[in-house]
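# Chains, contacts and geometry: an overview
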Amino acid sequence: MNFTRADFPEGFRFGVATSAYQIEGHAHGGAGPTHWDSFAATPGNVVRFENGALACDHYHRMDEDLDLIRDLGADVYRFSTSWARVMPEGRGRPNAEGLDFYDRLVDGLLERGIDPAVTLYHWEMPQALADLGGWRNADMPNWFADYTEVIMGRIGDRTWSAAPINEPWCVGWLSHFEGHHAPGLRDIRATARAMHHVLLSHGRATQVMKGLGVSNLGAVCNFEWSAPATDSPADVAAARRYDAIYNRFFMGGLFQGEYPADALEGLEPHLPQGWQDDFATIQSPLDWVGVNYYTRKRVSATNDPWPAYAYEPAEGPLTDMGWEIYPQGLQDFLTRTAREYTGDLPIYVTENGMASTTDPDPDRIAFLTDHFNATRAAIAEGAPVAGYFVWSLMDNFEWALGYEKRFGLVHVDFETLARTPKASYHALANWWR
Ligand code: IFM
């Protein structure tokens with residue numbers, strides 16, 4: 001990797017990202033059950049019936065992991081807090097052990113000179129709230145606001161940045177329409193409500209954090225480039241619909257106070273009453289926006305009811321996820337985000353990386369090199385990109401795909417839990433340190 005820090009704007013921050021359920025080991029430390037535990041316990045949902053009970057056992061190996069981040073030379077560590085670890089029932093009694101854990105995590109980062117970037121929800125909903133309908137329930141924004149108050153009341157004085165919810169598309173669409181993630185629903189009404197309540201919860205949490213004096217607040221969305229399978233008007237329109245649902249719905253809500261017409265076409269009849277009145281909260285001003293980017297999809301039209309599209313097989317070089325390697329999409333999303341939604345607001349690439357079992361991993365080094373170059377190209381075009389965080393620090397629980405898909409810069413042996421930095425880790429350390 002032939003970069004130096006001087007190849008990026010002054011003050012540009014490099015970092016790595018993880019999430020609670022994917023690394024911590026949810027069985028430890030008094031955390032309450034989550035909908036991912038029950039989803040994973042249902043045969044057919046997760047490969048080899050795996051779950052996050054032990055994961056990387058980061059709960060007990062935190063110091064070793066923080067040393068790895070320090071030795072990598074990362075400026076920022078993006079992690080998430082687990083709602084069910086902080087409040088095992090989702091509401092009411094906080095878990096002192098859980099709060100202490102995140103307190104130690106933040107202090108451990110600061111002691112090592114690393115900026116803590118927290119996300120408050122990265123998918124493991126407390127089961128007690130899932131039992132009440134989870135994101136479908138109109139009370140979710142209130143419960144989420146209460147949780148925000150508890151966790152950020154404890155660590156918000158020392159975090160560098162905070163974002164309420166990771167990847168609203170996955171929380172809303174992937175989990176309630178496609179059924180691939182917990183709670184595994186396939187229901188358009190549940191989907192519409194989840195998509196809207198996620199954004200409203202984001203807004204409520206942002207207001208709570210402002211009230212607490214927490215600084216540097218943002219939103220983290222995932223983006224997937226949408227390419228029509230052919231030039232036919234039907235495929236072009238199908239790709240537009242995919243783009244509306246995946247990319248423009250959330251950015252429209254957060255930064256324009258409206259949802260795109262081609263998403264409302266199918267979702268509007270199922271949105272909660274009075275949804276138009278919620279944009280004042282959803283649009284609470286932010287200090288930055290996070291772009292999670294991995295790939296593009298080729299989309300074709302079908303004769304089914306809305307959204308009437310199908311995914312075509314990916315072409316070209318693929319990662320172990322079967323995702324096309326398409327760095328141009330990152331450049332295009334970074335410039336489009338600034339141009340159409342956020343103007344001068346700093347943009348962070350809050351996740352980017354590849355699944356590969358190759359070790360040593362020249363393929364990951366090439367992938368990251370291409371995506372760093374895409375980021376530099378976007379900056380040259382005027383996009384105010386201020387940082388880039390690799391997904392992920394170490395191999396971890398890749399949700400429905402279990403432990404088979406390895407995104408880590410650090411190899412984890414899931415028998416012994418030994419951590420071994422890969423070639424990509426050393427390649428980054430060479431110029432980050
Ligand atoms: O592992 C996930 C992460 O939890 C959210 N963004 C995408 C990653 C890779 O699939």
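Residues numbered from 1 in each chain as written. Predicted model: local features only at pLDDT ≥ 70, side-chain atom pairs only at ≥ 80, totals over all residues. Heavy atoms only, no water.

## Some remarks on the overall build of the protein chain
Along the protein chain, the regular secondary structure elements total 15 helices and 11 strands. The dimensions of the protein chain, computed from C-alpha atoms along their principal axes, are 50 × 50 × 45 Å. The 433 residues of the protein chain split such that 64% are buried. Partitioning the contacts of the protein chain with sequence separation of at least 6, the portion at a separation of at least 24 is 77%. Summed over its atoms, the accessible surface of the protein chain is roughly 15,200 Å², and 49% of this surface lies on carbon and sulfur atoms. (Helix = DSSP H or I, 4+ residues; strand = E, 2+ residues; numbered from the N terminus. Buried < 20%, exposed > 50% of the residue type's maximum accessible area, 1.4 Å probe, protein only. Contact = heavy atoms within 4.5 Å. Areas by Shrake-Rupley, 256 points an atom, 1.4 Å probe, with all protein chains shown as cover.)

## Looking at the packing of helix H9 (residues 188–212) against helix H10 (residues 233–255)
The contact between H9 and H10 brings their axes to 11 Å, and the two run at 40°. As judged from the angle between their axes, H9 and H10 are oblique. The chirality of how H9 crosses H10 is right-handed. For the pair formed by H9 and H10, the contact residues are Met 195, Leu 199 and His 202 on the first element and Ile 245, Phe 249, Phe 250, Gly 253 and Leu 254 on the second. (Axes fitted to C-alpha atoms, helices over the stretch in contact; angles between N-to-C directions. Parallel < 35°, antiparallel > 145°, perpendicular 65-115°, else oblique. Left-handed = near helix turned anticlockwise from the far one by under 90°.)

## With respect to the side chain of Asp 361
Turning to its location among the elements, Asp 361 is positioned in the loop between strand S8 (347–351) and helix H14 (362–380). The exposure class of Asp 361 is buried, given its relative accessible area of 0%. A distance of 2.7 Å separates polar atoms of two side chains, one belonging to Asp 361 and the other to Arg 364. If sequence neighbours within four positions are ignored, Asp 361 has contacts with Lys 422, Ala 423 and Ser 424. (Polar contact = N/O pair within 3.5 Å; in protein donor to acceptor, adjacent residues only side chain to side chain.)

## A word on the packing of H10 against helix H13 (residues 327–342)
H13 packs onto H10 with a crossing angle of 40° between their chain directions and a minimal axis gap of 11 Å. As far as their axial angle goes, H13 and H10 are oblique. Viewed along their axes, H10 and H13 form a crossing whose handedness is right-handed. Within the contact between the two elements, H10 uses Asp 243, Asn 247, Arg 248, Met 251, Gly 252 and Phe 255 and H13 uses Phe 333, Arg 336, Thr 337, Tyr 341 and Thr 342. Residues of the contact of H10 with H13, tallied by class, amount to 4 nonpolar, 4 polar and 3 charged. (Nonpolar A, V, L, I, M, F, W, Y, C, P; charged D, E, K, R; others polar.)

## Details of the site of the ligand
Near the ligand the following residues occur: Gln 22, His 122, Trp 123, Asn 166, Glu 167, Tyr 294, Trp 323, Glu 351, Trp 391, Glu 398, Trp 399 and Phe 407. The contact in question runs from a nitrogen atom of the ligand to an N or O atom on the side chain of Glu 167, over 2.8 Å. In this structure, an oxygen atom belonging to the ligand sits 3.3 Å away from a side-chain N or O atom of Trp 391. Relative to its unbound accessible surface of 270 Å², the ligand loses 95% to contact with the protein. Among the detected pockets, the ligand sits in the largest pocket. When grouped by side-chain class, the residues that make up the shell around the ligand number 6 nonpolar, 3 polar and 3 charged. (Near = heavy atom within 4 Å. 1 Å grid on protein atoms, 1.4 Å probe; cavity = no way out; pocket = protein on both sides within 12 Å on 5 of 7 lines; lining within 4 Å. Sits in = over half its atoms within 2 Å of the grid points.)

## Points about the packing of aromatic side chains
Enumeration according to the criterion identifies 53 aromatic pairs in this entry. Ring geometry for Tyr 259 and Trp 275: centres 5.7 Å apart, planes at 15°, overall stacked. Here the residue Tyr 259 occupies a position in the loop between H10 and helix H11 (261–267), and Trp 275 occupies one in the loop between H11 and helix H12 (279–282), the gap between them amounting to 16 residues. Like Trp 275, Tyr 259 is buried. Judged by centre distance (5.3 Å) and plane angle (50°), the ring pair of Phe 397 and Tyr 403 falls under tilted. (Phe/Tyr/Trp six-rings, centres within 6.5 Å; stacked < 30°, edge-to-face > 60°.)

## Looking at the nonpolar core
Ranked by internal contacts, the top residues of the largest apolar core, which has 131 residues, are Phe 372 and Trp 432. The leading source of residues in this core is H10, at 11 residues. Setting aside anything within four residues of it in sequence, one finds Trp 432 in contact with Arg 5, Phe 14, Gly 15, Val 16, Leu 72, Gly 73, Ala 74, Phe 372 and Val 390. Among the nonpolar cores identified, the runner-up in size contains 9 residues, and Trp 160, Trp 288, Ala 386 and Phe 389 belong to it. (Core = buried A, V, L, I, M, F, W, Y, C linked by side-chain atoms within 4.5 Å.)

## A few points about H13
It helps to recall that an α-helix has 3.6 residues per turn; residues three or four apart then point in one direction. Between the first and last C-alpha of H13 there are 21 Å, a value that for 16 residues agrees with the 22 Å anticipated at 1.5 Å per step. Maximum bend of H13: about 25°, positioned at Arg 336. By the burial criterion, the buried members of H13 are Pro 327, Gly 329, Leu 330, Gln 331, Phe 333, Leu 334, Thr 335, Arg 336, Thr 337, Ala 338, Tyr 341 and Thr 342. Those residues of H13 that are buried are in contact with strand S5 (218–228), H10, strand S6 (288–301), S8, H14 and strand S9 (385–391). Downstream of H13 by one or two residues, Gly 343 has phi in the positive range, about 55°. (Expected span 1.5 Å × (residues − 1). Bend = angle between axes of the 7 residues up to and from the residue.)

## Digging into the environment of Asn 216
Structurally, Asn 216 is set in the loop between H9 and S5. Spatially, the C-alpha atom of Asn 216 lies 21 Å from that of Trp 83, the residues being 133 residues apart in sequence. Contact partners of Asn 216, with chain neighbours within four places excluded, come to Trp 160, Ser 161, Ala 162, Asp 287 and Trp 288. For Asn 216, the side chain forms a polar contact with the main-chain oxygen of Trp 160, separated by 3.1 Å.

## Some thoughts on the environment of Ala 192
Structurally, Ala 192 is set in helix H9. Given a relative accessible area of 0%, Ala 192 falls into the buried group. Separated by 77 residues in the primary sequence, Ala 192 and Pro 269 have C-alpha atoms spaced 8.7 Å apart. Ignoring sequence-local partners within four residues, the contact set of Ala 192 consists of Leu 267, His 270 and Leu 271.

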